Each structure stands twice: as structure tokens, then as C-alpha cells.
Amino acid sequence: QLITLLGENMPSDPNSPLGQQLHSIMSLRLVLLRPSANRTPQEEHTIDTILLLMDSYVAANRARSDIVLFLARDFAFHSMQMQQQMQQQAQHAVSGVEFMQMQQQVQGRGILS
């Protein structure tokens, strides 16, 4: 249902409110079209959240184009959050590796022996 809704409201005018969300709409659509076995757990969580949000927008009797706009913004927000978390995890991993290397250097000099 969501894939159909996104397809029906695909913007043709890049200056329209939906047109400004074209990247998010296309990205969400592509994630939804990908088999669930090929999605990351984070993507699955994001999709579950998007579907819950869609249900709430439908229950509130929002216009279909508004629902697409809201979901595109929601997806963009969640995607940005995922990227920030991944960057933080990568930085922590690098920090851990650097710490281990420094510790090995110090031990190699006999300082901690």
C-alpha cells in the first residue's frame, strides 16, 4: 500500500513541496522494494516506524499527498539518525584500535611491564 502511495504521488515539479522531497521518496521506495532478507536491522526498524506513522496519518484523515510528504520527511530524519549512529560507532571503533596500538607501544617500551 505504501509503495503504491509513493508511486501515485511521485513529484514531477522539483520546486513543489513533494519535489523537494524527491530523494527521500525514492530512497524510501527503494528500501521498501528490496526483499526484507536484504535489509539491515536498522532499515527494518525504520520501515516499521514509517508504517506506524503512515497508519497514524491515515487515521487522522490526512490527504494522500500530505502523507507522502510527511513520510518522506520522517524517512529522511531516520536515515540521518542512522548515519550519525554509524559514524559514531565507527569513530568509537577507531578510537578503540588507536588505544590498543598506543597500549602496545607503551608495553613494548617496557613502561607498563
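Conventions used here
- Residues numbered from 1 in each chain as written.
- Predicted model: local features only at pLDDT ≥ 70, side-chain atom pairs only at ≥ 80, totals over all residues.
- Heavy atoms only, no water.
- Helix = DSSP H or I, 4+ residues; strand = E, 2+ residues; numbered from the N terminus.
- Buried < 20%, exposed > 50% of the residue type's maximum accessible area, 1.4 Å probe, protein only.
- Contact = heavy atoms within 4.5 Å.
- Expected span 1.5 Å × (residues − 1).
- Arc of directions from axis to C-beta.
- 1 Å grid on protein atoms, 1.4 Å probe; cavity = no way out; pocket = protein on both sides within 12 Å on 5 of 7 lines; lining within 4 Å.
- Points joined across faces, edges and corners; volume = space filled by probe spheres on them.
- Nonpolar A, V, L, I, M, F, W, Y, C, P; charged D, E, K, R; others polar.

## Considerations on the side chain of Glu43
Following the sequence through the fold, Glu43 ends up in helix α3 (residues 41-59). On the accessibility criterion, Glu43 (16% relative accessible area) is buried. Not counting the four nearest positions on each side in its chain, Glu43 is found in contact with Val31, Arg34, Asn38 and Met82.

## Some points on helix α2 (residues 22-33)
The terminal C-alpha atoms of α2, which comprises 12 residues, lie 16 Å apart, in line with the 16 Å expected from a rise of 1.5 Å per residue. Here α2 has its buried residues at Ser24, Ile25, Leu28, Val31 and Leu32. Down the axis of α2, the buried side of the element spans an arc of 130°, and every buried residue falls inside it. Of the residues in α2, the exposed ones pointing more than 90 degrees away from the buried face are His23 and Leu30.

## Observations concerning the layout of surface pockets
In this structure, the largest pocket spans a volume of roughly 160 Å³. It is helix α4 (residues 64-108) that provides the largest number of residues to the lining of the largest pocket, a total of 6 residues. Among the residues forming the lining of the largest pocket, the class breakdown is 4 nonpolar, 5 polar and no charged.

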